[in-house]
Amino acid sequence: MPETTPTPSATTEPVLVTGAAGGQQGSTGRHVVRLLLDRGQAVRALVRTDDDRAAALRKMGAEVVVGDLREITDVLAAVRGVRRAFFTYPVTDGLLEATGAFAAAARREGLERVVEVSQLAAAPDAGTPRMRQHWVAEEVFDWAGVGAVHLRAGVFFENLDFLVRAGGGRELAMPLGSLDTVLPLIAGEDVARVGAGLLADPLPSCADPVVLLTGQILTVGEAVETYGGGLKYVDVPPEEWRERAMSLYGDTHVVAHLDKLWELFRLIGSHHELYQATEAIERFGGRPPGTLREFVQGRRA
């Protein structure tokens, strides 16, 4: 009988995880590192800066490499010797530059699966410039032939929570129209659970390269009620919100994306039927999606 080459052990062949240091936008990369390490999977964590967060990743057991996702020499070094990777990029300039470098490096090194974080309504005619860029990024990964799976995720609980905290826990100031406006939401950790599940060894099957991820659908009023503590919703005019947002985020790319995103939700209004919680979270993530109430309680604890 002909000899067969054994599949490399999950503990010896690392999975590359970008965005591993985490941040205020959901920290999916950091969650994926932890979830894969919990499975006994070796992890190579790519970070931009060798700081305290990188030191914490080493303490967790990850191999840490430092580099810029937009720089091909850094990315080629990071992907060398891996077969699977998790790709995420923060909401700021550089997504397509980073995607091009990563897709080219992944193709050159023969990666068999890249799980990448996209956005729920990514399309060439999507309503925000960031969503249109995500659609282009998906196309680039598909052309690269690296087994790409695109996680089209709703609004992260963490992004809503950031604005609640910016209002001192007293007000949620957003240009969303009425309290009946509907939001498709998800925990960043649930996106990471799906990503880790799709990168597991052995690789699970995924017939559709696009995976829609919505964990909970709430109106603005229901979200405010979930927080409690006297939190009030303030429907601010878009112009005023943009001014506030620049002082909060300090990034024109973030503000331009969110400004158009909130406009879309405001126009969709109370049409709850346009969204649905997706079974993929439990199928690949191993458990039902978390709720905003659980998230809030966890933050308070």
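Our structure's up above, just so we're on the same page.
Now for a description of the structure that goes with this document. (Residues numbered from 1 in each chain as written. Predicted model: local features only at pLDDT ≥ 70, side-chain atom pairs only at ≥ 80, totals over all residues. Heavy atoms only, no water.)

The final tally for this structure, using the stated rule, is 17 salt bridges. Asp-50 is the salt-bridge partner of Arg-58, the closest N and O atoms lying 3.0 Å from each other. By relative accessible area, which is 47% here, Asp-50 ends up partly exposed. Ionic pairing is found between Glu-263 and Lys-260, a salt bridge with its closest N-O pair at 3.7 Å. With a gap of three residues between them, Glu-263 and Lys-260 both fall in helix 10 (residues 252–268), about one helical turn apart. Residue classification places Lys-260 among the partly exposed residues on the basis of a relative accessible area of 36%. Members of the salt-bridge network, linked through shared partners, are Glu-13, Arg-83, Arg-84 and Glu-112. (Salt bridge = Lys/Arg side-chain N within 4 Å of Asp/Glu carboxyl O. Buried < 20%, exposed > 50% of the residue type's maximum accessible area, 1.4 Å probe, protein only. Helix = DSSP H or I, 4+ residues; strand = E, 2+ residues; numbered from the N terminus.)

Further remarks concern the side chain of Thr-128. Tracing the sequence through the fold places Thr-128 in the loop between strand 5 (113–119) and helix 5 (129–144). Owing to a relative accessible area of 0%, Thr-128 belongs among the buried residues under this scheme. Thr-128 has contacts with His-257, Lys-260, Leu-261 and Leu-264, leaving out every residue within four places of it along the chain. (Contact = heavy atoms within 4.5 Å.)

Here the focus is the packing of helix 8 (residues 220–227) against helix 12 (residues 292–300). Relative to each other, helix 8 and helix 12 sit at 30°, their axes nearing to 9 Å. With respect to the hand of their crossing, helix 8 and helix 12 are arranged in right-handed fashion. Only Leu-292, Arg-293, Phe-295, Val-296 and Arg-300 of helix 12 make contact with helix 8, whose side of the interface consists of Ala-223, Thr-226 and Tyr-227. (Axes fitted to C-alpha atoms, helices over the stretch in contact; angles between N-to-C directions. Left-handed = near helix turned anticlockwise from the far one by under 90°.)

This part takes up the nonpolar core. Residues Leu-172, Trp-262 and Leu-292 are the most contacted members of the largest nonpolar core, which totals 40 residues. Looking at this core, the elements that each hand over two or more residues are helix 6 (157–166), strand 8 (171–174), strand 9 (182–186), strand 11 (216–219), helix 8, helix 9 (238–249), helix 10 and helix 12. Per-element accounting of this core gives the leading share, six residues, to helix 10. Every residue in contact with Leu-172, bar those within four places of it in the chain, is listed here: Leu-160, Leu-163, Val-164, Val-224, Leu-231, Lys-232, Tyr-233 and Val-234. Grouped together as the second largest cluster of nonpolar side chains are 35 residues, Ala-54, Leu-198, Leu-213 and Ala-280 included. (Core = buried A, V, L, I, M, F, W, Y, C linked by side-chain atoms within 4.5 Å.)

A word on the sheet that holds strand 11. Each strand in a sheet pairs with its neighbour through backbone hydrogen bonds, running either in the same direction (parallel) or in the opposite one (antiparallel). As summarised here, the arrangement of the three strands in space is 7-9-11, forming an open sheet in which the pairing is mixed. Only two strands of the sheet have a single partner each, and these edge strands are strand 7 (155–156) and strand 11. Pairing of strand 9 with strand 11 involves four bridges; the strand directions are antiparallel. Its bridge partner being in strand 11, Pro-184 is matched across the sheet by Ile-217. In the packing of helix 8 onto the sheet, contacts are made with strand 9 and strand 11, and the angle to strand 11 comes to roughly 95°. (Pairing = 2+ DSSP bridges.)

Moving on: the packing of helix 3 (residues 72–79) against helix 4 (residues 95–109). The relative placement of two packed helices is expressed as an angle between their axes plus a distance between the axes. Interhelical geometry of helix 3 versus helix 4 gives an angle of 40° and a closest axis separation of 9 Å. With respect to helix 4, the axis of helix 3 lies oblique. Here helix 3 runs over helix 4; the crossing is right-handed. Facing Ile-72, Val-75, Leu-76 and Val-79 of helix 3, the residues of helix 4 in contact are Ala-101, Phe-102, Ala-105, Arg-108 and Glu-109. (Parallel < 35°, antiparallel > 145°, perpendicular 65-115°, else oblique.)

With that out of the way, let us pick up the packing of aromatic side chains. Inspection of every chain in the model, using the stated rule, returns seven aromatic pairs. The interplanar angle of 85° and the centroid separation of 6.3 Å between the aromatic rings of Trp-241 and Trp-262 together place this pair among those described as edge-to-face. Here Trp-241, found in helix 9, pairs with Trp-262, found in helix 10; they are 21 residues apart in sequence, far enough to count as distant. Taken individually, Trp-241 and Trp-262 each receive the classification buried, so the pair is uniform in this respect. One aromatic cluster in this structure is built from Phe-87, Phe-102 and Phe-141. (Phe/Tyr/Trp six-rings, centres within 6.5 Å; stacked < 30°, edge-to-face > 60°.)

Before going further, it helps to spend a moment on the environment of Val-15. Locating Val-15 in the fold gives a position in strand 1 (residues 15–17). When sequence neighbours within four positions are dropped, the list of residues in contact with Val-15 reads Leu-36, Gln-41, Ala-42, Val-43, Arg-44, Arg-84, Ala-85 and Leu-199.

This paragraph deals with helix 4. Since the α-helix advances by 3.6 residues per turn, residues separated by three or four positions end up pointing in the same direction. For helix 4, built from 15 residues, the straight-helix expectation of 21 Å at 1.5 Å per residue is met to within 8% by its first-to-last C-alpha distance of 21 Å. Of all the residues in helix 4, the buried ones are Leu-95, Ala-98, Thr-99, Ala-101, Phe-102, Ala-103, Ala-105 and Ala-106. The secondary structure elements touched by the buried residues of helix 4 are strand 1, helix 3, strand 4 (84–87), strand 5 and helix 5. Two residues or fewer after helix 4 comes Gly-110, characterised by a positive phi angle close to 75°. (Expected span 1.5 Å × (residues − 1).)

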